[in-house]
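# Remarks on the overall topology
As a plain string of letters, each chain reads:
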Amino acid sequence: MAAADSPSAALRHRDLCSRGIRLAGKMRLDVINLLDTYVERQGLDASASVAAVEGVPVAAVERWDEQTGTQRLLENLVAYRAFRALLAQMLEEQREQLGEADTTLGRALAAVLLQVSAFTYHLEELLRLESRGPPGEEGAEPPPPPPVSLFERKLRGLRVLRELAQWALRSTRDLRQLAKASPGSGSVPSPPNSP
Amino acid sequence: ESHIQYERVGADVTMKCGSMDWDAAVTWTANGTDIDESHLNGSYLILKKVDLTQSGQYSCYEGSSWHLKYQTFLRVGTPPKEPLLMCRSNNYPKGFYCSWHLPTPTYIPNSFNISVIHGTKEMICEKDVFPKNRCHIRYLQLFSTVKYKVTLTVTNALGKNSTTLTFDEFTIVKPDPPENVVAKPVPNNPRRLEVSWQNPSSWPDPESFPLKFFLRYRPLILDQWQHVELSDGTSHTITDAYAGKEYIIQVAAKDNDIGTWSDWSVAVHATPWTEEPKHLTTEAQVAETTSASTSSFMPPPTTKICDKGAAVGSGAVAVCWTAGLVLAAYGVLFI
């Protein structure tokens with residue numbers, strides 16, 4: 001593997017960041033469209049407030065601007081791995097609930113799941129470039145079991161998609177911050193060209 | 001002892017002369033002018049259906065001694081109507097501000113109280129020194145799905161009213177317009193204009209939170225705008241301008257991912273490059289400067305604007321016409 005500060009690593013870093021930004025942007029737009037479809041098909045109120053749900057990664061963060069590049073990547077990776085499992089669960093529930101009756105929602109869910117998987121892999125690549133390597137998934141907790149009641153499952157699904165939309169926005173911003181820094185500089189963010 | 005008394009427009013007001021008995025002989029004045037006895041009921045002053053012009057200082061004097069027995073400042077006004085409240089982030093991700101005003105004046109002093117709640121947390125909205133009806137908040141969190149709830153209560157001596165706004169962090173993001181918009185002609189290019197601008201100075205970090213831009217332009221003589229959306233960069237070359245026509249150009253900005261477009265920037269004007277005007281010559285003058293001709297035929301005194309690419313004045317289109325047609329063309333151009 002190239003040294004973190006080699007020219008090829010810098011190019012690869014820049015390429016991964018810019019492609020990641022485009023991936024996250026496209027993913028966000030698709031999640032927002034999926035949200036509209038989900039709300040409509042599940043008969044929910046789009047403005048309903050849904051309390052935090054255990055196991056759904058929360059995008060909200062304090063002191064976002066003070067995070068290091070590595071922190072950003074790690075938090076993103078943990079979140080998207082969780083979303084990957086949650087979306088797979090939602091897809092399965094949706095198939096059980098509606099069967100083949102609603103393929104539009106099913107297809108949209110599957111498409112977003114694919115993007116989340118691709119983005120997860122992208123993040124792992126960026127972490128490898130940071131010379132850190134992504135943490136293994138062996139120790140990761142499985143998603144909590146889905147709620148028993150159908151209505152609670154729908155609300156959880158709403159929460160998942162809302163947080164995913166915000167995560168996609170946060171990821172875009174995180175990758176832009178990363179693109180400003182050089183690869184391998186996992187320390188506290190400092191102005192460009194400083195030691 | 002002086003008082004301030006607030007009364008609603010249209011109310012009936014009764015003023016007592018301090019501790020004087022009802023049947024005491026008194027004189028009332030309004031802003032130093034005696035009030036007619038017809039407004040008195042004993043020593044009480046009765047004002048029916050007060051209006052704004054009746055605001056002022058009311059004084060009561062004991063009949064014979066002219067000792068001042070009571071004084072009050074009457075302020076006629078109205079209770080507040082529902083205030084108009086607006087919140088906006090023009091400096092994302094630093095924070096946002098809220099500003100407010102009343103739809104109609106109350107004519108008496110009002111106090112405003114604003115509360116901002118994010119989830120279960122109450123946030124402090126720091127009041128601006130100027131303008132007075134504004135306060136700002138720093139974002140403590142970013143990327144939250146929890147909405148902000150802002151409640152403004154306005155209170156005066158005659159009543160209170162309030163309004164509430166609920167919004168997501170990203171929906172209120174609206175940058176200020178781009179600054180220093182400059183439009184210049186491009187030398188030797190009669191159909192181009194080069195436009196450049198700067199990010200609004202209030203936008204704190206355009207590198208991490210890039211803006212995209214919307215440019216609109218039209219010749220002054222037309223109403224229809226042309227639009228161009230630009231996802232990066234702070235300059236653009238218009239390549240389809242009408243030659244010689246003065247253009248009006250404006251630019252707006254928006255965060256690349258969230259929020260709404262800014263207002264349009266200050267308009268700038270520019271005219272594409274045109275070639276330097278050459279002297280007008282008449283056929284008669286040309287004929288004089290050439291060698292003597294044996295022909296006795298004198299052509300009519302027409303005027304030709306010279307060859308292709310030339311122009312007369314910066315506002316004209318470069319063409320070759322005879323005099324009559326030239327005049328007609330000028331007439332069309334300068335309508």
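Here the structure is a predicted model, which is why all the values come from computation and not from measurement. (Residues numbered from 1 in each chain as written. Chains lettered and ligands numbered in written order. Predicted model: local features only at pLDDT ≥ 70, side-chain atom pairs only at ≥ 80, totals over all residues. Heavy atoms only, no water.)

## Details of the domain arrangement of chain B
For clarity, the threshold we go by: Domain start and stop positions are those given by an automatic or database domain assignment.
Examined at the domain level, chain B breaks down into domain 1 (3-77), domain 2 (84-167) and domain 3 (179-270). Between the C-alpha centres of domain 1 of chain B and domain 3 of chain B the distance comes to 64 Å.

## A look at the UniProt feature "domain: Fibronectin type-III" (unreviewed entry) in chain B
Note the threshold: UniProt positions are given in the numbering used here, feature names are shortened, and annotations may be inferred rather than shown by experiment. Secondary structure is summarised from DSSP: a helix means a run of H or I of at least four residues, a strand means a run of E of at least two, and numbering begins at the N terminus for each.
Feature annotation in UniProt assigns "domain: Fibronectin type-III" (unreviewed entry) to the following positions: residues 177-277 of chain B. A helix fraction of 0% and a strand fraction of 48% characterise residues 177-277 of chain B, whose end C-alpha atoms lie 38 Å from each other.

## Some thoughts on the environment of Lys212 of chain B
Residue and element names in this part refer to chain B. Condition: Exposure is judged per residue with a 1.4 Å probe applied to protein chains only, and the accessible area is read against the type maximum: over 50% gives exposed, under 20% gives buried, and values in between give partly exposed. Only heavy atoms matter for contacts: two residues are in contact if any of them lie within 4.5 Å across the pair.
When you line up the elements, Lys212 lands in strand S20 (residues 211-219). With a relative accessible area of 17%, Lys212 lands in the buried category. It is 8.8 Å that separates the C-alpha atoms of Lys212 and Thr234, two residues lying 22 residues apart in sequence. Discounting residues that sit within four places of it in the chain, Lys212 has contacts with Glu229, Leu230, Ser231, Ala252, Ala253, Lys254, Asp255, Asn256 and Trp261.

## Considerations on unusual backbone geometry
Residues and elements named next belong to chain B. Note that the residue after Tyr92, namely Pro93, is joined by a cis bond; omega there is 10 degrees. With respect to the helices, strands and loops of the structure, Pro93 is situated in the loop between strand S9 (84-88) and strand S10 (95-101). Put simply, Phe130 and Pro131 share a cis peptide bond, and its omega is -5 degrees. Along the chain, Pro131 turns up in the loop between strand S13 (126-127) and strand S14 (134-138). We note that Asn31 has phi near 55 degrees; this positive angle belongs to a residue other than glycine. In this fold, Asn31 is placed in the loop between strand S3 (26-30) and strand S4 (33-34). We note that Tyr107 has phi near 70 degrees; this positive angle belongs to a residue other than glycine. Looking at Tyr107, the relative accessible area reads 46%, which means it is partly exposed.

## Digging into the packing of aromatic side chains
The line we're drawing: Each Phe, Tyr or Trp ring, with Trp reduced to its six-membered ring, pairs with another whose centre is within 6.5 Å; inter-plane angles below 30 degrees give stacked pairs, above 60 give edge-to-face pairs, and intermediate values give tilted ones.
Taken as a whole and assessed by the stated rule, the structure comprises 19 aromatic pairs over all chains. Plain terms: the ring middles of Tyr80 of chain A and Trp167 of chain A are 6.2 Å apart, the flat faces sit at 70 degrees to each other, and that makes the pair edge-to-face. Placement of the pair is Tyr80 of chain A in helix H2 (residues 69-98) and Trp167 of chain A in helix H4 (residues 150-180), with a sequence separation of 87 residues. For the pair shown, Tyr80 of chain A and Trp167 of chain A are each scored as buried. Taking the centre distance of 5.8 Å and the plane angle of 75 degrees together, the rings of Tyr92 of chain B and Tyr139 of chain B count as edge-to-face. Within this pair, whereas Tyr92 of chain B is found in the loop between S9 and S10, its partner Tyr139 of chain B is found in the loop between S14 and strand S15 (141-142), the two being separated by 47 residues in sequence. Given a relative accessible area of 0%, Tyr92 of chain B falls into the buried group. Since its relative accessible area comes to 8%, Tyr139 of chain B is described here as buried.

## Comments concerning the UniProt feature "domain: Ig-like" (unreviewed entry) in chain B
Residues given the UniProt feature "domain: Ig-like" (unreviewed entry) here are residues 10-60 of chain B. Summarising residues 10-60 of chain B: 0% helix, 41% strand, and an end-to-end C-alpha distance of 23 Å.

## Details of the interface of chain B and chain A
Here is the rule we go by: Accessible surface is computed with a 1.4 Å probe, and the buried area is the amount of it that two parts give up when combined, taken over both parts together. Here, a salt bridge means any side-chain nitrogen of Lys or Arg that lies within 4 Å of a carboxyl oxygen of Asp or Glu. Any N or O atom pair separated by 3.5 Å or less is treated as a polar contact, with the protein-specific requirement of one donor-capable and one acceptor-capable atom, and with residues adjacent in sequence counted only for side-chain atom pairs. Classification convention: Asp, Glu, Lys, Arg as charged; Ala, Val, Leu, Ile, Met, Phe, Trp, Tyr, Cys, Pro as nonpolar; all other residues, Gly among them, as polar. Paired strands, as defined in this entry, are two strands with at least two bridges between them according to DSSP.
Contacts between the two partners involve 18 residues from chain B, matched on the other side by 18 residues from chain A. Interface area, chain B with chain A, both sides summed: about 1,600 Å², of which 53% is carbon and sulfur. The largest contributions to the chain B side of the interface with chain A come from Phe143, Thr145 and Asp257 of chain B, which together make up 41% of the buried area. Counting across the interface, chain B meets chain A through four salt bridges. Where chain B touches chain A, the interface holds 11 residue pairs in polar contact (both at pLDDT 80 or more). Residue composition of the side of chain B that touches chain A, by class: eight nonpolar, five polar and five charged. Pairing of strand S1 (residues 61-62) of chain A with S15 of chain B involves two bridges; the strand directions are antiparallel. Bridged to Val61 of chain A within S15 of chain B is Leu142 of chain B.

## Re the packing of helix H1 (residues 7-41) of chain A against H4 of chain A
All names here are of chain A. Where we set the bar: Axis geometry follows a simple rule: fit a line to the C-alpha atoms, using only the stretch in contact for helices, then measure angles between N-to-C directions, giving values from 0 to 180 degrees. Roughly parallel refers to an angle under 35 degrees, roughly antiparallel to one over 145, roughly perpendicular to one between 65 and 115, and oblique to any angle outside these ranges. For any helix crossing, the convention is left-handed if the near helix is rotated counterclockwise from the far helix by under a right angle, and right-handed if that rotation is clockwise.
For the pair H1 and H4, interaxial distance at closest approach is 8 Å and the crossing angle is 160 degrees. Put simply, H1 runs roughly antiparallel to H4. Regarding H1 and H4, the two cross each other, and that crossing is left-handed. Counted by class, the contact of H1 with H4 contains 19 nonpolar, six polar and five charged residues.

## Notes on the nonpolar core
This is how it is decided: Definition used in this section: a nonpolar core is a set of buried Ala, Val, Leu, Ile, Met, Phe, Trp, Tyr and Cys residues joined via side-chain atoms within 4.5 Å.
Leu87 of chain A together with Phe96, Leu215 and Ile249 of chain B are the most contacted members of the largest nonpolar core, which totals 90 residues. The dominant element in this core, judged by the number of residues it contributes, is H1 of chain A, at 11 residues. Residue-level mapping places this core at the junction of two domains, with at least three residues from each of domain 2 (84-167) and domain 3 (179-270) of chain B. Not counting chain neighbours up to four residues away, the residues in contact with Leu215 of chain B comprise Val195, Trp197, Gln226, His227, Val228, Leu230, His236, Ile238, Ile249, Gln250, Val251 and Trp264 of chain B. Judged by nonpolar contacts, the second largest core, of 18 residues, contains Met15, Leu47, Val50 and Tyr70 of chain B.

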